[in-house]
Amino acid sequence: MDTAEKSDIRKLSREALRTFFTENGEQAFRGNQVYEWLWQKGAHSFEAMTNLSLAHRELLNTHFTINHIAVDQMQRSTDGTIKNAVRLHDGLIVESVLIPTESRTTACVSSQVGCSLDCRFCATARLKRMRNLNPDEIFDQVVVIDRQSRLYFGRPLSNIVFMGMGEPLMNYPNVVKAIRMISSEEGLGMSPKRITVSTSGVPKMIRKLADEALRCNLAVSLHSAVEETRTEIMPFNAKMPLQDLKESIVYWYDKTRSRITYEYVVWEGINDAPADIRAFLDFCKAAPCKVNLIEYNPIDDGEFRQAPEQAVQAYVRALEAAGITVTVRRSRGKDIDAACGQLANKGSGDNRA
Ligand code: SAH
């Protein structure tokens with residue numbers, strides 16, 4: 001059997017692997033061993049599976065491949081942030097970022113090559129959406145960053161955010177599968193409470209995720225609670241209006257009891273007026289929440305400009321007065337284009353629109 005015909009072993013469930021061995025006259029528990037190598041230990045070759053005999057490894061080799069990602073380029077920021085350009089098995093590139101702080105290491109992972117949505121302030125939106133990532137491609141980014149965290153910071157990865165390239169809820173089944181493998185005892189065993197799915201706000205999928213009972217966190221990139229403004233900066237909002245989004249968030253809270261995080265950039269002349277603050281406060285009343293005010297990372301010729309500090313502080317004061325926890329986030333990794341909204345495969349020059 002030549003390589004072209006081999007199938008990707010990580011598409012098989014534990015049960016399917018067990019069946020594969022029994023059909024080949026071997027014991028079923030061998031399937032469990034392989035499954036552990038793939039999903040607990042992140043093995044990228046059959047040779048690495050040292051508790052299998054040479055004959056077993058050869059049997060696997062004739063039938064399967066392990067498609068896996070490889071770090072194509074790694075850049076380190078002066079603030080410790082690491083940006084990886086990772087190459088997928090078909091040659092496409094996505095980016096994954098390691099963000100270290102005093103107490104934690106966060107992996108910022110991609111869910112799509114390019115993005116399905118069209119946020120006008122985001123560099124990734126300018127790439128063509130090429131395809132969704134498979135569960136193992138999301139999983140591998142986590143494994144890569146966990147290894148880097150141990151190597152460079154002497155501690156394991158502690159948190160995961162789906163804030164890299166792509167809209168995770170537009171690649172729903174694969175993102176959910178990846179989270180299950182990352183959080184289950186059969187996989188990496190990381191607590192789902194340390195995983196945050198960040199969405200631009202796809203109401204139907206927020207409801208679905210709430211029903212999934214994954215126990216992960218949800219962040220919504222709101223940026224404006226004024227319909228016309230939001231539609232202008234995030235055009236898909238025309239098809240998924242704020243009322244629908246708000247209802248899906250209420251549904252999320254009712255089902256999960258998990259407080260949502262709003263991500264919000266304050267731009268000059270776009271959402272820095274008192275009416276914008278009022279609309280946001282009103283939106284926040286729908287369900288318990290906290291707010292991250294994030295700094296704008298310019299990606300273009302100045303159409304969007306970060307509002308001055310006093311405008312950001314006006315938001316902070318209003319939110320705090322309403323009893324809402326608010327954090328002003330400074331960007332990390334800006335010098336290497338690793339900050340929010342800057343992921344656009346600049347270093348590699350691959351798969352641009
Ligand atoms: N599609 C998902 C996840 C990727 S974007 C989402 O929208 O949430 C991760 C975060 O970066 C989002 O909050 C997004 O709104 C924000 N972002 C995009 N472009 C940005 C930019 N140029 N500066 C700052 N934040 C940006």
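About the criteria used
- Residues numbered from 1 in each chain as written.
- Predicted model: local features only at pLDDT ≥ 70, side-chain atom pairs only at ≥ 80, totals over all residues.
- Heavy atoms only, no water.
- Helix = DSSP H or I, 4+ residues; strand = E, 2+ residues; numbered from the N terminus.
- Rg over C-alpha atoms; globule rule 2.2 N^0.38 Å.
- Buried < 20%, exposed > 50% of the residue type's maximum accessible area, 1.4 Å probe, protein only.
- Near = heavy atom within 4 Å.
- Polar contact = N/O pair within 3.5 Å; in protein donor to acceptor, adjacent residues only side chain to side chain.
- Areas by Shrake-Rupley, 256 points an atom, 1.4 Å probe, with all protein chains shown as cover.
- Domains from an automatic or database assignment.
- Contact = heavy atoms within 4.5 Å.
- Buried area = accessible area lost by both parts, 1.4 Å probe.
- Salt bridge = Lys/Arg side-chain N within 4 Å of Asp/Glu carboxyl O.
- Axes fitted to C-alpha atoms, helices over the stretch in contact; angles between N-to-C directions.
- Parallel < 35°, antiparallel > 145°, perpendicular 65-115°, else oblique.
- Left-handed = near helix turned anticlockwise from the far one by under 90°.
- Nonpolar A, V, L, I, M, F, W, Y, C, P; charged D, E, K, R; others polar.
- Expected span 1.5 Å × (residues − 1).
- Patch = residues over 30% accessible without salt bridge, like charges linked within 9 Å, V, L, I, M, F, W, Y side chains within 5 Å.
- Core = buried A, V, L, I, M, F, W, Y, C linked by side-chain atoms within 4.5 Å.
- Pairing = 2+ DSSP bridges.
- 1 Å grid on protein atoms, 1.4 Å probe; cavity = no way out; pocket = protein on both sides within 12 Å on 5 of 7 lines; lining within 4 Å.
- Points joined across faces, edges and corners; volume = space filled by probe spheres on them.

### Describing the overall build of the protein chain
Looking only at helices and strands, the protein chain features 10 helices and 14 strands. In terms of C-alpha radius of gyration, the protein chain reaches 22 Å, essentially the compact-globule figure of 20 Å for 353 residues. C-alpha extents for the protein chain along the principal axes are approximately 70 × 40 × 40 Å. Counting over 353 residues, the protein chain shows a buried share of 54%.

### Notes on the site of the ligand
Taken together, 20 residues sit near the ligand, with Phe121, Ser198, Ser221, His223 and Asn297 positioned nearest. One nitrogen or oxygen atom from the main chain of glycine 166 is found 3.1 Å from a nitrogen atom belonging to the ligand. Against a free-state accessible area of 530 Å², the protein chains account for coverage of 97% of the ligand.

### Things to note about the domain arrangement of the protein chain
Domain annotation of the protein chain identifies domain 1 (3–65) and domain 2 (70–336). Relative to domain 2, the C-alpha centre of domain 1 lies at a distance of 35 Å. Of the residues lining the interface, 10 residues belong to domain 1; the matching set on domain 2 comes to nine residues. Summing the contributions of domain 1 and of domain 2, the shared interface buries around 930 Å²; its carbon and sulfur component is 45%. Area buried by domain 1 at its contact with domain 2 is led by Arg10, Trp39 and Gln40, which between them contribute 53% of it. Our count for the domain 1 to domain 2 interface comes out at three salt bridges.

### Brief notes about the side chain of glutamine 141
Counting through the fold element by element, glutamine 141 comes out in helix α4 (residues 135–153). What makes glutamine 141 buried here is its relative accessible area of 0%. Among the polar contacts listed, one links the side chain of glutamine 141 to the backbone oxygen of glutamate 137, at a separation of 3.3 Å.

### Here's the deal with the packing of helix α5 (residues 172–183) against helix α6 (residues 203–212)
Axis separation between α5 and α6 bottoms out at 12 Å; the angle between their running directions is 30 degrees. Considering the angle they form, α5 stands roughly parallel to α6. In this structure, α5 crosses over α6, and the sense of that crossing is right-handed. Taken together, the residues of α6 that come into contact with α5 (itself represented by Tyr172, Val176 and Arg180) are Met205, Lys208, Leu209 and Glu212. Along the lines of polarity and charge, the residues of the contact of α5 with α6 split into four nonpolar, no polar and three charged.

### Side note on α4
In this model, α4 (19 residues) spans 27 Å end to end at C-alpha, consistent with the 27 Å of a helix rising 1.5 Å per residue. Most of α4 is tucked away: 14 of the 19 residues are buried. Looking at the residues trailing α4, positive phi occurs at glycine 154, about 65 degrees.

### Describing a nonpolar patch on the surface
On the surface, a cluster of nonpolar side chains totalling about 360 Å² of accessible area is made up of Val71, Met74, Leu151 and Tyr152. Of all the secondary-structure elements, those providing two or more residues to the nonpolar patch are β3 (70–76) and α4. Counting through the fold element by element, leucine 151 comes out in helix α4.

### Let's talk about the nonpolar core
Among the nonpolar cores identified, the biggest contains 107 residues, and Met49, Leu60, Leu209 and Tyr262 are the most heavily contacted of them. Counting the residues that make up this core, at least three belong to each of domain 1 (3–65) and domain 2 (70–336).

### Describing the sheet that holds strand β9 (residues 159–162)
Read from one edge of the open sheet, 10 strands run β3-β4-β5-β6-β9-β10-β11-β12-β13-β14, paired in mixed fashion. Bordering the open sheet on either side are β3 and β14 (325–329), each of which pairs with just one other strand. Taken pair by pair, the neighbouring strands of this sheet meet at an average axis angle of 20 degrees, ignoring direction. For β3 and strand β4 (residues 82–87), the ladder comprises six bridges, and the chain directions are antiparallel.

### Quick look at the layout of surface pockets
Estimated volume of the second largest pocket: approximately 300 Å³. Contributing to the lining of the second largest pocket are 14 residues, with Arg10, Lys11, Trp39, Pro135 and Lys177 lying nearest its centre. Broken down by secondary-structure element, the contributors of at least two residues to the lining of the second largest pocket are α2 (29–39), α4 and α5. Sorting elements by how many residues they give to the lining of the second largest pocket places α5 first, with four residues. Across the lining of the second largest pocket, the residue classes break down as five nonpolar, three polar and six charged. There are two domains that each give the lining of the second largest pocket at least three residues, and those are domain 1 (3–65) and domain 2 (70–336).

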